[in-house]
Amino acid sequence: MRIAVTGGTGRIGGRVVQLLTAAGGHEVVPLSSRTAPYDNPSALRAALDGVDTLVFVSSDGEAARVIVHHRNVVQAATQCRVGHVVLLSGLDVDLQSPFCYAYTNGDTERLLRASGRPYSIVRASLYTEFFLSLLLQVSTGDPDATVALPAAEGRVSLVAREDVARCLAALALGEPTSRHHDVTGPDSLPVDAVAAMAGYRYTETTPAEFAGLLLRLGEGPWWTYAYTSMFESIRQGRWETMSDAVAELTGRPPAPLSQVLNRGKQPRGTPLRR
């Protein structure tokens, strides 16, 4: 079987490539912005020609750009008659959600279902490593600082990137399931509890104050909007779902927050990026 992985040099896609290669018996083709740019339909068609299974790791950046990228990939997979598309989506795919990427993920899922290609979808919760990185970012690097977040009573079922990659790889090696799988961590925790476990004092703030803080810390306007809209989604309870999908797909339970914390806090950066 020939398996292609978009974003094959990134954190999620790169790990999927490693897992599939270690499984043996298949040709694994990592695709990157050099070999198959999301914004180049002809290059995507050339890269997907003869591919049996595609692990479709989502693009990033501004939502309008992501929508175009994802439509290009789905169109190329359809034209090349890829036998199984394993899509990385998100837990929040509601068109009415305030979260900017809820629309992009929902739109991609609808396109994939309408394409006629056999599929399996991983709806991943927020990555644990991303959330820890964001806490570090808003604490200005001081591990004893207070983190001010607009989370209210919202809860999150954080999931480790490793668990997401393992689920994508497991689905790629199997038959299409023709449904989505909610891939979450083992717990649904209030955001203030997550902050406390990571060693921070938590205080509630408003979305406007949170956006202002990010901008003062040097975050770009798009990512400031993305993070602020994400917390509105968290406040609405859109990331609190828990499931047993990780254990069901991989045979191992998902890593709890404490285990990821033991690996060390993540460096400051742009944590939503794959």
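Chains are numbered independently. Their residues run from 1 in the order of the written sequence. In keeping with the model being predicted, local features are shown solely for residues with a pLDDT of at least 70 and side-chain atom pairs are shown and tallied solely at 80 or more, while totals for entire chains, interfaces and linings include all residues. Note: side-chain values were computed over all heavy atoms of the structure, leaving out hydrogens and water.

Caption draft 1: Region of interest: helix α1 (residues 11-23). Given a rise of 1.5 Å per residue, 13 residues ought to cover 18 Å, and the 19 Å separating the end C-alpha atoms of α1 matches this to within 8%. Throughout, exposure labels follow a simple rule: accessible area from a 1.4 Å probe, protein chains only, divided by the maximum for the residue type, with under 20% read as buried, over 50% as exposed, and the rest as partly exposed. Numbering of helices and strands runs from the N terminus; a helix is a DSSP stretch of H or I covering at least four residues, while a strand is a stretch of E covering at least two. Along α1, the positions that sit buried rather than exposed are Ile12, Gly13, Gly14, Val16, Val17 and Leu20. Here, two residues are considered to be in contact whenever any of their heavy atoms come within 4.5 Å of each other. In the core, the buried residues of α1 are packed alongside β1 (2-5), β2 (27-30), β3 (53-56), β4 (84-90) and α6 (161-172). Two residues or fewer past α1, Gly24 is found with a positive phi of approximately 75°. Multiplying 1.5 Å by the helix residue count minus one yields the expected span of that helix.

Caption draft 2: View of empty space enclosed by the protein. A pocket, in this scheme, is an open set of points on a 1 Å grid over the protein atoms alone with protein on both sides within 12 Å along at least 5 of 7 lines, while a cavity is a set where a 1.4 Å probe fits but cannot get out; residues line either one if an atom lies within 4 Å of a point. Grid points are joined across faces, edges and corners, and a volume is the space filled by probe spheres set on the points. Following the criterion strictly, the structure yields three cavities of 30 Å³ or more and no others. In this structure, the second largest cavity spans a volume of roughly 70 Å³. In this structure, the second largest cavity is lined by Thr128, Val156, Leu158, Pro186, Asp187, Leu189, Val194, Pro256 and Leu257. Basically, the charged four are Asp, Glu, Lys and Arg, the nonpolar ten are Ala, Val, Leu, Ile, Met, Phe, Trp, Tyr, Cys and Pro, and anything else, Gly included, counts as polar. Its residues placed into classes, the lining of the second largest cavity shows seven nonpolar, one polar and one charged.

Caption draft 3: Representation of the pattern of salt bridges in the model. Salt bridges are defined by distance alone: a side-chain nitrogen of Lys or Arg within 4 Å of a carboxyl oxygen of Asp or Glu. Evaluated as defined, the whole model comprises 11 salt bridges. We note a salt bridge from Arg110 to Asp107, for which the minimum N-O separation is 3.5 Å. Placement of both Arg110 and Asp107 in helix α4 (residues 100-115) is noted, with a separation of three residues, approximately one turn of the helix. Asp163 is the partner of Arg166 in a salt bridge, and the nearest nitrogen-oxygen pair spans 2.7 Å. Residue Arg166 and its partner Asp163 are both found in helix α6; the two are separated by three residues, about one turn of the helix. The pair Arg166 / Asp163 is uniform in exposure class, with both members buried. Among the charged side chains, a salt-bridge network with shared partners connects Arg71, Asp107 and Arg110.

Caption draft 4: Fine view of the pairing of β2. Paired strands are those between which DSSP finds at least two bridges. In this sheet, β2 lies alongside β1 in parallel orientation, the contact comprising four bridges. Within β2, the position partnered with Arg2 by the bridge is Glu27. For the handedness criterion, the β-α-β arrangement of β1, α1 and β2 is classed as right-handed. Orient the strands so they point away from the viewer; a crossover is then right-handed if the path from the first strand over the helix to the second runs clockwise.

Caption draft 5: Here's a closer look at the side chain of Thr53. Mapped onto the fold, Thr53 is located in strand β3. A residue is classified by how much of its surface remains accessible, and Thr53, at 2% relative accessible area, is buried. The contact partners of Thr53, leaving out residues within four places of it in the chain, are Met1, Arg2, Ile3, Ala4, Val82, His84, Val86 and Ala172.

Caption draft 6: Molecular detail of the packing of aromatic side chains. Two aromatic rings, drawn from Phe, Tyr or Trp (for Trp, its six-membered ring), form a pair once their centres lie within 6.5 Å of each other, and the interplanar angle then sorts them: stacked below 30 degrees, edge-to-face above 60, tilted otherwise. Under the defined criterion, the tally for this structure stands at 10 aromatic pairs. On the basis of an interplanar angle of 75° and a centroid distance of 5.8 Å, the ring pair of Phe99 and Trp239 is categorised as edge-to-face. Residue Phe99 is found in the loop between β4 and α4, and its partner Trp239 is found in the loop between α9 (221-235) and α10 (245-250); the two are separated by 140 residues along the sequence. Taken individually, Phe99 and Trp239 each receive the classification buried, so the pair is uniform in this respect. Here the aromatic rings of Tyr101 and Trp222 are separated by 6.1 Å at their centres, their planes lie at 75°, and the arrangement is edge-to-face. With Tyr101 in helix α4 and Trp222 in helix α9, this residue pair connects regions lying 121 residues apart in the sequence. This pair shows no difference in class: Tyr101 is buried, exactly as Trp222 is. These aromatic residues form a ring-pair network of at least three members: Phe99, Tyr101, Phe130, Phe131, Phe210, Trp222, Trp223, Tyr225, Tyr227, Phe231 and Trp239.

Caption draft 7: Up close: the pairing of strand β6 (residues 146-149). With burial as the criterion, only one face of β6 is covered, namely that bearing Val147 and Leu149; the residues Thr146 and Ala148 on the opposite face remain uncovered. Where β6 and strand β10 (residues 201-204) come together, four bridges link them in parallel fashion. For Val147, the partnering residue across the bridge sits in β10 and is Tyr202.

Caption draft 8: Representation of the environment of Gly25 in the model. If you trace the backbone, Gly25 turns up in the loop between α1 and β2. For the pair Gly25 and Arg2, spaced 23 residues apart in sequence, the C-alpha separation works out to 9.7 Å.

Caption draft 9: Examining the sheet that holds β2 more closely. With parallel pairing, six strands are arranged side by side in an open sheet as β2-β1-β3-β4-β5-β8. Two strands in the sheet have a free side with no partner beyond their single neighbour: β2 and β8 (180-183). Direction aside, the axes of adjacent strands within the sheet are offset by 15° on average. When β4 meets strand β5 (residues 119-124), the two strands line up parallel, connected through six bridges. Bridged to Val85 within β5 is Tyr119. Here α6 sits on the sheet and contacts β1, β3, β4, β5 and β8; the angle it forms with β4, its principal contact strand, is near 160°. Here, axes are lines fitted to C-alpha atoms. For helices the fit covers the stretch in contact, and angles between N-to-C directions go from 0 to 180 degrees.

Function-wise, these values are silent; they only describe arrangement.
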